[in-house]
4 protein chains.
Amino acid sequence: MIVILKPHPDKEKLHQLSSTLEGYGVTLHVSEGAQTTIIGLVGDTSRVDIDLIRANELVENVTRVSEPFKAANRKFHPDDTHIPVEGRLIGEGTFHVIAGPCSVESEEQIIGVAQAVKRSGATFLRGGAFKPRTSPYAFQGLHADGLKLLLQARKATGLPIVTEIMNLNHLDLFSEVDVIQVGARNMQNFELLKELGRSDKPILLKRGLANTLEEFLMSAEYIMAGGNEKVILCERGIRTFETMTRNTLDISAIPMLKHLSHLPVVVDPSHATGIPWLVEPLAKAAVAAGADGLMIEVHNDPKHALCDGAQSLTPAEFDRVMKVIEPRAALENKRMGLA
Amino acid sequence: MIVILKPHPDKEKLHQLSSTLEGYGVTLHVSEGAQTTIIGLVGDTSRVDIDLIRANELVENVTRVSEPFKAANRKFHPDDTHIPVEGRLIGEGTFHVIAGPCSVESEEQIIGVAQAVKRSGATFLRGGAFKPRTSPYAFQGLHADGLKLLLQARKATGLPIVTEIMNLNHLDLFSEVDVIQVGARNMQNFELLKELGRSDKPILLKRGLANTLEEFLMSAEYIMAGGNEKVILCERGIRTFETMTRNTLDISAIPMLKHLSHLPVVVDPSHATGIPWLVEPLAKAAVAAGADGLMIEVHNDPKHALCDGAQSLTPAEFDRVMKVIEPRAALENKRMGLA
Amino acid sequence: MIVILKPHPDKEKLHQLSSTLEGYGVTLHVSEGAQTTIIGLVGDTSRVDIDLIRANELVENVTRVSEPFKAANRKFHPDDTHIPVEGRLIGEGTFHVIAGPCSVESEEQIIGVAQAVKRSGATFLRGGAFKPRTSPYAFQGLHADGLKLLLQARKATGLPIVTEIMNLNHLDLFSEVDVIQVGARNMQNFELLKELGRSDKPILLKRGLANTLEEFLMSAEYIMAGGNEKVILCERGIRTFETMTRNTLDISAIPMLKHLSHLPVVVDPSHATGIPWLVEPLAKAAVAAGADGLMIEVHNDPKHALCDGAQSLTPAEFDRVMKVIEPRAALENKRMGLA
Amino acid sequence: MIVILKPHPDKEKLHQLSSTLEGYGVTLHVSEGAQTTIIGLVGDTSRVDIDLIRANELVENVTRVSEPFKAANRKFHPDDTHIPVEGRLIGEGTFHVIAGPCSVESEEQIIGVAQAVKRSGATFLRGGAFKPRTSPYAFQGLHADGLKLLLQARKATGLPIVTEIMNLNHLDLFSEVDVIQVGARNMQNFELLKELGRSDKPILLKRGLANTLEEFLMSAEYIMAGGNEKVILCERGIRTFETMTRNTLDISAIPMLKHLSHLPVVVDPSHATGIPWLVEPLAKAAVAAGADGLMIEVHNDPKHALCDGAQSLTPAEFDRVMKVIEPRAALENKRMGLA
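Residues numbered from 1 in each chain as written. Chains lettered and ligands numbered in written order. Predicted model: local features only at pLDDT ≥ 70, side-chain atom pairs only at ≥ 80, totals over all residues. Heavy atoms only, no water.

**Considering the interface of chain D and chain A**
Argument step 1. Tallying the contact residues gives 36 residues for chain D and 36 residues for chain A.
Argument step 2. For the pairing of chain D and chain A, the buried interface totals around 3,000 Å² over both sides, and the portion due to carbon and sulfur atoms is 75%.
Argument step 3. The interface formed by chain D and chain A includes six salt bridges.
Argument step 4. The residue A:E332 makes a salt bridge to D:K284 at a minimum N-O spacing of 2.8 Å. (Contact = heavy atoms within 4.5 Å. Buried area = accessible area lost by both parts, 1.4 Å probe. Salt bridge = Lys/Arg side-chain N within 4 Å of Asp/Glu carboxyl O.)

**Observations regarding the pattern of salt bridges**
Argument step 1. The full count for this structure, using the stated rule, is 92 salt bridges over all chains.
Argument step 2. With a shortest N-O distance of 2.8 Å, A:K323 and A:D319 are connected by a salt bridge. Residue A:K323 and its partner A:D319 are both found in helix 10 (residues 315-331); the two are separated by four residues, about one turn of the helix.
Argument step 3. Note on A:K323: relative accessible area 55%, which makes it exposed.
Argument step 4. Its salt-bridge partner being C:K194, residue C:E191 comes within 3.6 Å of it at the nearest N-O pair. Note that C:E191 and C:K194 are positioned in helix 5 (residues 190-197) at a spacing of three residues, about one turn of the helix.
Argument step 5. Among the residues examined, C:K194 registers a relative accessible area of 23% and is labelled partly exposed.
Argument step 6. Each of A:E92, A:K258, A:D292 and A:K334 takes part in one network of salt bridges that share partners. (Helix = DSSP H or I, 4+ residues; strand = E, 2+ residues; numbered from the N terminus. Buried < 20%, exposed > 50% of the residue type's maximum accessible area, 1.4 Å probe, protein only.)

**As for the packing of aromatic side chains**
All names here are of chain A.
Argument step 1. In this structure the tally under the stated criterion is eight aromatic pairs over all chains.
Argument step 2. On the basis of an interplanar angle of 25 degrees and a centroid distance of 4.6 Å, the ring pair of F190 and Y222 is categorised as stacked. Of the two residues, F190 sits in helix 5 (residues 190-197) while Y222 sits in helix 6 (residues 213-225), which places them 32 residues apart along the sequence. Take F190 and Y222: they sit in the same class, and that class is buried.
Argument step 3. In this structure, R88 packs its charged tip against the face of F124, placed 5.7 Å from the ring centre. (Phe/Tyr/Trp six-rings, centres within 6.5 Å; stacked < 30°, edge-to-face > 60°. Lys NZ or Arg CZ within 6 Å of the ring centre and 35° of its normal.)

**Some thoughts on the relation of the copies chain D and chain A**
Argument step 1. Here chain D sits on chain A after a turn of 180 degrees about the axis and a move of 0.0 Å along it, with an RMSD of 0.0 Å. Here the copies are linked by what is in effect a two-fold axis. Ranked by how close their C-alpha atoms come to the rotation axis, the residues of chain D are headed by D:A285, at 2.1 Å. (Least-squares fit on C-alpha atoms with pLDDT ≥ 70 in both.)

**Digging into the sheet that holds strand 3 (residues 37-42) of chain A**
Residue and element names in this part refer to chain A.
Argument step 1. Taken together, the four strands give an open sheet; going across it, the order is 2-3-1-4, and neighbouring strands pair in antiparallel fashion. Two strands close off the open sheet at either side, each with one partner strand: strand 2 (27-32) and strand 4 (59-63). On average, each strand axis in the sheet is tilted by 20 degrees relative to the strand beside it, whichever way the strands run.
Argument step 2. As paired strands, strand 1 (residues 2-5) and strand 4 are joined by four bridges and run antiparallel to one another. What sits directly across from I2, in strand 4, is T63. (Pairing = 2+ DSSP bridges. Axes fitted to C-alpha atoms, helices over the stretch in contact; angles between N-to-C directions.)

**Re the relation of the copies chain C and chain D**
What relates the two chain copies is a rotation about an axis together with a slide along it.
Argument step 1. When chain C is fitted to chain D, the residual RMSD is 0.0 Å, and the transformation amounts to a turn of 180 degrees plus an axial shift of 0.0 Å.
Argument step 2. By residue overlap, the copies meet face to face through one surface: 98% of the interface positions of chain C are interface positions in chain D.

**Quick word on the sheet that holds strand 1 (residues 2-5) of chain C**
Residue and element names in this part refer to chain C.
Argument step 1. Here four strands make up an open sheet; going across it, the order is 2-3-1-4 and the pairing antiparallel. The strands lining the two open edges of the sheet, one partner per strand, are strand 2 (27-32) and strand 4 (59-63). Taken over all neighbouring pairs, the strand axes of this sheet differ in orientation by 20 degrees on average, direction set aside.
Argument step 2. Relative to strand 3 (residues 37-42), strand 2 runs antiparallel, the two sharing six bridges. Considered in strand 3, the bridge of S31 is made with I38.

**Considerations on the side chain of A:E332**
Argument step 1. Its location among the elements puts A:E332 in the loop between helix 10 and strand 15 (335-336).
Argument step 2. Setting aside residues up to four positions removed in sequence, A:E332 forms contacts with A:V287, A:A288, D:K284 and D:R328.

**Comments concerning the pairing of strand 7 (residues 94-100) of chain B**
Residues and elements named next belong to chain B.
Argument step 1. In terms of burial, strand 7 is largely enclosed, as seven of its seven residues are buried.
Argument step 2. The alternating pattern of strand 7 places T94, H96, I98 and G100 and F95, V97 and A99 on opposite faces, both of which are buried.
Argument step 3. As paired strands, strand 7 and strand 15 (residues 335-336) are joined by two bridges and run parallel to one another. Each bridged residue has a counterpart across the sheet, and for T94 the counterpart in strand 15 is R335.
Argument step 4. Alignment of strand 7 against strand 14 (residues 293-297), held across five bridges, turns out to be parallel. Across the sheet, the residue bridging to I98 is M295, located in strand 14.
Argument step 5. For the crossover that starts at strand 7, traverses helix 3 (residues 107-120) and ends in the parallel strand 8 (residues 124-126), the hand is right-handed. (Right-handed = clockwise from strand over helix to strand, strands pointing away.)

The values reported here are purely geometric and, on their own, carry no functional implication.
Rendered as structure tokens:
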């Protein structure tokens, strides 16, 4: 961190500022130029409150040179993190596909979809029991009953479950869930993140619709700072001015996140645009850009799905996408499935 | 709502679709053209699940003609809503200024600021006890102790309190708070909104950083659908590509929200840009565009504030802004203060 | 400008880098810390090519402390610029309203509108002869005939003319035009800007739909660097994710541009949203935020306008807006009209 | 196109509106419901002025069902367009890489880079002679001398030349250039587009920084409407709130453009982020998403490049990217090079 001071700082106040900065446990390098004094902060600056320093009356400008996150930072953890789930390892070198319906609707539906996606090579089942809907009048999910149906589908297929939590009081309800998902709209629900930091479940954290990569990693940091280091990052499209696609998949987020962090990165090509025929090309692009996995919506009867049916693949379409993905994952040296 | 069908729909399936649509309690007007059949839905379409219809195999396209919100909709509630708080009425025709520090830090600080802003004409005291910070390592507020200090400041000055809730389990803690604020990052924390819908407290709901006005009103609808109609909308700047200001104040949101909804609209010119000298021109613009009030950060010692000090006004600067606002509010036929 | 070097720079290469930097005519302040060497550049850094320095192998990071524009910069020209046009002065302390139709359609139309807006207090007539349309099949304007009709309307009313240029070969055609407008889509048509820099006409430069304020001022700088210092900046709304309004008026651009630059700033509330009933509140907000004028679309028959009729005011609606603006401009110490 | 009328339209005015609509050469299907009358327009609606209809006093709302572009529209031209350039065909099934420096600097530089990229498999040479720079004080290119050097490099290597035009008067200067590039900032410089429509040169049209795909295709339509159907679309990153990358590559633009249009689509992964180590993963993603080619910045000495050196690859880095691309292009059934 580089702190640039206004000309001719008061000696006494400069002394106070230096003490404050040293209080963060960093080392100071002061360079006094003819006109400008510059203070360089060396060490772990993730705990330095940049707003506070910027507000100091002596300070002209502050520039971060290093990132404000630490637990999630590859500089401090050069090796890739691999997160174990039911005999699977999620992280660099493997490639897992999480598939299933937007929302759990019935025993027949969820078990049927689970069996189909397993046959096609998916290694995780997704399905929403608690649904974050823009409208209070839209279907909100089957709640606890939905979770039960997911566990039945797990029993029937052996596929571990990924499902979204919306309420920090629900952690007990999710005790048998394998991976807990945090949705895009809750990416900065810091109270929920703190609660999940106290859990030992793997967390699939989705990037917010208008959040920067730095903010995304800071939200991962919230969970990790609480003691839970099992965070999987999920890019799912950001909000831009383009209206033909529901969101814009930020494909460079994949290599950039893997550069900045040691955490696994998966991509959701279904929510990225909301258009089912775009899932295949985006899935291929995500593999090519280095993703460690995909999350894809599959519904046995998209025409009658209770939510987001318009963006779901049929099991047959999903099977085709899997066949297309396989040789491409191999080319990127990613092991697919349980092999 | 206008549903445009694909050419030559199957009679049987069209009958099913029509039954589904009628199940929402709306009246259908079917126009069969030579090539295209169009179904118009008349009545309250707020409960119609547009995604579900769009996924139907007969459907080419669906266009909403009316808004998906109802309780918040001016069409159904033509008269302006006025929300009573401790002898004040918030809504069209009045103008209330909510002022105070980003976060509560000490008894001396909060009472000092409260007395100062009251002298200048503020009619509400704001102050954060629970702070949503991007970094888990930044100051997170004094929590319950902060709430106690706010209540002391209320006792000392008579100013009702506006403060932010972040956790749906805290509602009891907030029982003596006058207005509960939902921050921008929680605008689509639907579980929190539902919980607040069961409360009888006035809710100041901030627009999310990248949320459309329709989504903003849908979040108000969540609270209102639960039975709590006391919602105050707060525009606080949206995220754009511009980097000179932290956010971009969407000034047209004020007249547009007041056109679409009967709810009061206030503006936060402090968070809108993060630059203290911009508070005055933006506050003036907000008054001119029809806002029903302002929310302004004031700190007795911005240089040493524990958060967002860089964007806070000093009490003297705030006093100047209030003097500038007064004649302009009068010109817009807004009664300021308790008069 | 602050150049931060990578650790342990090669002495020889550092010498070369220093020579390159001094070649820009700036003074260097080198601070060698234990780990990091920092070079501060003092003086006029507007001609320093930041990309070139960033690419240097010794360089870790470069931060601009001062703005990259000079002629447009208030730091170098503290006094407000006033641009004289036919007895009017555009700039701080005055307030001019430029009104007229999107496009010139006929003698009757343009003279009729000119007379009407003059009666209501407009001091300039706008009207498009060359229209930048998204579709090649849309009406593109009357071209040279449109310019002739504008000059007839000027003769009939005495109102000076503001009209848009799209082609750098048209400068001769525009010889009798009073103020030449550069549209948002041409804000970075640098060849056109250079050509206008060689003219002595006042230029009304519109901000691009997705351009930062810094880029906007750099485009003004292009014109000024060519010798033409008569530039009027026009904020007309930027592109965001919001879809209810065609664009989002960046109200903070007004005080920010006036802070950074000495040039006049006007606002176009018609294009800012594309919705006629929003013109009045946005015009009021623009006055309150410090604008030096407005540009408003007025059409005698909006229902049959050949372009953008949907956003035009009728002469009666415009008259009402002018009556509303007058006391507000007075309150901001702006002289309206020719007084 | 669907025109929804306000309730109870005046018979006479409805007759006029119908005549106006029929004047566009479309067939009308009028459906009179109990409350709402809807007019469907069938046929080629690309020439219908939607703004004009929206402004009509009878009209409540207008929705486009079909796209406003025709010459560029795959619906009217189902077969992929292949553009021949010096024995190469650009379009579906082939894969061409255009490589070279941001700007031409010297004979030695451009010939050296041309030979290097040819050796690695590039089939076109790029290089800027006229450079659109944000600052008037930055290096603007060698102009006519730069074009001469490019032609020398073509002679030396046989690589056809792609270079950017900025001024519509320069068409003669570009008579020996093989492919004329229109830069992102000129995507809506309609006068330039019209001039290029009268040329018979292939045009590589870059998407503007904040332009929708529809606007992008409308700009292609401008060139095609003038008679020049040889348009190559280039996605090069759009502007979003993310700041870690200069722009955000819109990867879904590739399949979406190829779905909507028959024109070839190439991707510029260098400008998309401005970060050289991201070129490889983005190039791979572009191939996987279906691009017909790439445009990559390569400089023999990026550290001393006169523009954008920081984003250029060295010839060795470029060679590595080409080796990585080859098997992936083959997997997508794209023939690379001249084979």
